[in-house]
Every structure is written in structure tokens, then in C-alpha cells.
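Okay, here's what each chain looks like letter by letter:
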Amino acid sequence: MPNKYHRIVIKIGTSSIINADSDVKLSVIESLTRVLSELNKAHEVLLVTSGAVGVGMHTVGIKTRPSEIGELQALSAIGQSELMDIYSDHFKATGQTVAQLLLTRDVVDYPKSRRNVLQTINTLLKNNVIPIINENDAVSVDEFDHRTTFGENDQLAAIVTNFVAADLLVILSDINGLYNANPKKDPTAKLLEWVPKIDAKLMKVAGGHGSQFGTGGMATKLNAAKLILDHHREMAILNGEDPEVIKQLINGANVGTYFSATQPEGRTNE
Ligand code: GLU
């Protein structure tokens, strides 16, 4: 397939990079960084990664996520630098330079900071550097009169994709894509190959009572897909267990679920 993707945003969630014992899945990071370094030779690649709080928990040795906001923000501050260390080391091994950007919603909402952050990202991409983006969890606020959080990283990734005018957002999850029923409960559940629009029926399938497919949660992914489709862009949900699948998708393979207004070659929405 001729390469229709110039700029690609990849989003990976906490459950794809941290296991139930709160250990970092280094084999996934190793594979992800190798694949992204390879892709960055022919495309412009940005990575949106979660995991600051999860890695922070691992670093200080706690297994239960605290609920108190101060503790969560402190853990994110500890974990974010560790997380970047892990990414930098792995990317260095592939010869790839990376940069860290920690965003809050106000940064992309206000025209002047928006212009500057876009300029920074464009300069990095022009110089073949992969920007690694997370929310600035340690300082973001969610108060009734002052809200600077994005809420969660599927939303952040969709906002970034639109903001940098990327051609494609790839969300790596702990499941193969979006199904027409809960595959953990219904053995006949079918993986949807192509979704042209997000309607109420689909949202119900994804977000009904306790029917989130996998720990990542499909409802937030569909909200992200809606934001992407509203801006006439494209998105895929893939299983992040083996990041090699990203290359298959870019080469036109029928993997995961693809969200686009026009029908992709080799996929149906039946
Ligand atoms: N920014 C959070 C973190 O790095 C993750 C938010 C999310 O999981 O969507 O821990």
C-alpha cells in the first residue's frame, strides 16, 4: 500500500505496559520502542503514554492505587521520570532521540501556548525526534472553576492527534479491538473490522453496566474515536501485547478495529 500516513500518533495505556503486580513489561517497551524507531524512518511518529502513576507505585512499592489526589500526583511525579528513563534507555538502544512533553488542557486551549507547543512538536518532528507525551498529572487540576486535566489519555491522544493534524491515531489496548458484544462473556462476539461512525448503539455495546472490554475501557476509546471522526481523521484500536502489529496495520493488514468515514480496503462493517 502506498503510504497514506505521514504523521502517526500511537497511544499506549497503563495496562499494556504494567502487569498486575505493578511490574513494568520491559519486553513490550523493548518491542514498542524498536517498532516506533523503525516507523519513524518513513513517517513522523508521536507517542502518548500512560503509566506515570503505575510506575510510581512500582517505584515506591505499593500495590493498591491510592484515591487521595495529593498521593496520586506525588506518585505521578515519581513515576513520570522513571517512565521517561525507561523509554529513553530503550530508544537510545535503537539510536532514536526522544523528547518529553507534559501537557495540561489549558496549554492546548490558549492560543499562545498552543502555538508554542505546536511549534515545539513540529521542530522535534522535523529533526526526527519522537515526542513522548503524557498529561502533566503532578500539576493538573480538576476544580469547578479551574479545570486543566484531560481526564484520561485516550482523550488526550485524540486531542493531540487533531491538534498536530496527524493522519492516524493508533490506540494500543489489552484487547484485539472493538467487538459487537463482550467477548469475555459471549463466545459469539465478533471483532468489528471497520467502524464509520460512533452512534448510541455502539456506545451502549462499549459502555453498558460492567461491560467494559478489558481494563482499558472501550467507552473512552469510542469517545476518542468520535473526536477523531468529527475532525475527519482516522483511528485504530490494536492489541498492544505485540507492538509489531502496528507495522502490519500501516502496511494495510486487516488487524484490530479501524475507524474512518470511508471504507478501508479489505475491511467490511458487517
Ligand atoms: N496520565 C496517567 C498516567 O500516566 C494515565 C491516565 C490514563 O490512564 O488514561 O498514569
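All values reported here derive from a predicted model rather than from experimental measurement. (Residues numbered from 1 in each chain as written. Predicted model: local features only at pLDDT ≥ 70, side-chain atom pairs only at ≥ 80, totals over all residues. Heavy atoms only, no water.)

Considering the arrangement of structural elements, one finds Ser-260 in the segment after β10 (257–259). On the basis of relative accessibility, which here comes to 1%, the residue Ser-260 falls in the buried class. Sequence-distant contacts of Ser-260, defined by excluding residues within four places in its chain, comprise Trp-194, Val-195, Pro-196, Leu-229 and Glu-234. (Helix = DSSP H or I, 4+ residues; strand = E, 2+ residues; numbered from the N terminus. Buried < 20%, exposed > 50% of the residue type's maximum accessible area, 1.4 Å probe, protein only. Contact = heavy atoms within 4.5 Å.)

The next thing to look at is the side chain of Asn-239. Note that Asn-239 resides in strand β9 (residues 234–239). One polar contact links Asn-239 to Asn-176, side chain to side chain, over a distance of 2.8 Å. A polar contact of 3.0 Å, which involves the side chain of Asn-239, links it to the backbone nitrogen of Glu-241. Excluding its chain neighbours within four sequence positions, the residues that come into contact with Asn-239 are Leu-172, Ser-173, Asp-174, Ile-175, Asn-176 and Val-245. (Polar contact = N/O pair within 3.5 Å; in protein donor to acceptor, adjacent residues only side chain to side chain.)

Let us look at the layout of surface pockets. By volume, the largest pocket amounts to about 990 Å³. Forming the boundary of the largest pocket are 39 residues, of which Thr-14, Ser-50, Val-53, Arg-65 and Gly-151 lie nearest the centre. When residues of the lining of the largest pocket are traced back to their parent elements, those giving at least two are α1 (14–17), α3 (52–60), α4 (69–93), β4 (130–135), β5 (142–143), α7 (153–163), β7 (168–173) and α9 (218–230). Of the residues contributing to the lining of the largest pocket, the split by class is nine nonpolar, 20 polar and 10 charged. The space that makes up the second largest pocket amounts to roughly 290 Å³. The wall of the second largest pocket is formed by Asn-180, Leu-192, Trp-194, Val-195, Pro-196, Lys-197, Asp-199, Lys-201, Leu-202, Val-205, Asn-269 and Glu-270. The biggest single contributor to the lining of the second largest pocket is helix α8 (residues 200–207), with three residues. Residues that form the lining of the second largest pocket fall into these classes: six nonpolar, two polar and four charged. (1 Å grid on protein atoms, 1.4 Å probe; cavity = no way out; pocket = protein on both sides within 12 Å on 5 of 7 lines; lining within 4 Å. Points joined across faces, edges and corners; volume = space filled by probe spheres on them. Nonpolar A, V, L, I, M, F, W, Y, C, P; charged D, E, K, R; others polar.)

Another aspect to go through is the pattern of salt bridges. Taken as a whole and judged by the stated rule, the model has 10 salt bridges. A salt bridge links Arg-147 to Asp-142, with the nearest nitrogen and oxygen atoms 3.3 Å apart. The exposed category is assigned to Asp-142, whose relative accessible area is 51%. Residues joined by salt bridges that share partners form a network here, namely Glu-30, Arg-34, Glu-38, Glu-244 and Lys-247. (Salt bridge = Lys/Arg side-chain N within 4 Å of Asp/Glu carboxyl O.)

The environment of the ligand is made up of Ser-50, Gly-51, Ala-52, Val-53, Asn-134, Asp-137, Glu-152 and Asn-153. Taking Ala-52, its main chain carries an N or O atom lying 2.9 Å from an oxygen atom of the ligand. Backbone polar atom of Val-53 to an oxygen atom of the ligand: 3.1 Å apart, as the coordinates give it. Computed on the free molecule, the ligand has an accessible area of 300 Å², of which 79% lies beneath the protein chains in the complex. Of the residues belonging to the shell around the ligand, the class tally is two nonpolar, four polar and two charged. (Near = heavy atom within 4 Å. Areas by Shrake-Rupley, 256 points an atom, 1.4 Å probe, with all protein chains shown as cover.)

Glancing now at unusual backbone geometry. Located in the positive-phi region is Asn-128, a residue other than glycine, with phi close to 60 degrees. Assignment of secondary structure puts Asn-128 in the loop between α6 (111–126) and β4. In this structure, Ala-165 is a non-glycine residue whose phi angle is positive, near 55 degrees. Following the sequence through the fold, Ala-165 ends up in the loop between α7 and β7. For Ala-165, a relative accessible area of 41% gives the class partly exposed.

Our next topic: the confidence of the model for the chain. Considering every residue of the chain, the mean pLDDT works out to 92; 96% of them sit at 70 or more. Ignoring residues within four places in sequence, the model shows residues 208–216, a span with pLDDT below 50, making 24 contacts including any to other chains. (pLDDT = per-residue confidence, 0-100.)

A few words on the sheet that holds β10. One open sheet holds the eight strands; their spatial order is β3-β4-β2-β1-β7-β9-β10-β8, and the pairing between them is mixed. The open sheet is flanked by β3 (98–103) and β8 (194–195), the only strands paired with a single partner. Looking at chain direction, β7 and β9 are connected through six bridges and run parallel. Looking across to β9, one finds that Ile-171 is bridged to Ile-237. Against the sheet, helix α2 (residues 26–39) makes contact with β1 (7–12), β2 (44–49), β4 and β7, and its axis sits at roughly 155 degrees relative to β2, the strand it touches most. (Pairing = 2+ DSSP bridges. Axes fitted to C-alpha atoms, helices over the stretch in contact; angles between N-to-C directions.)

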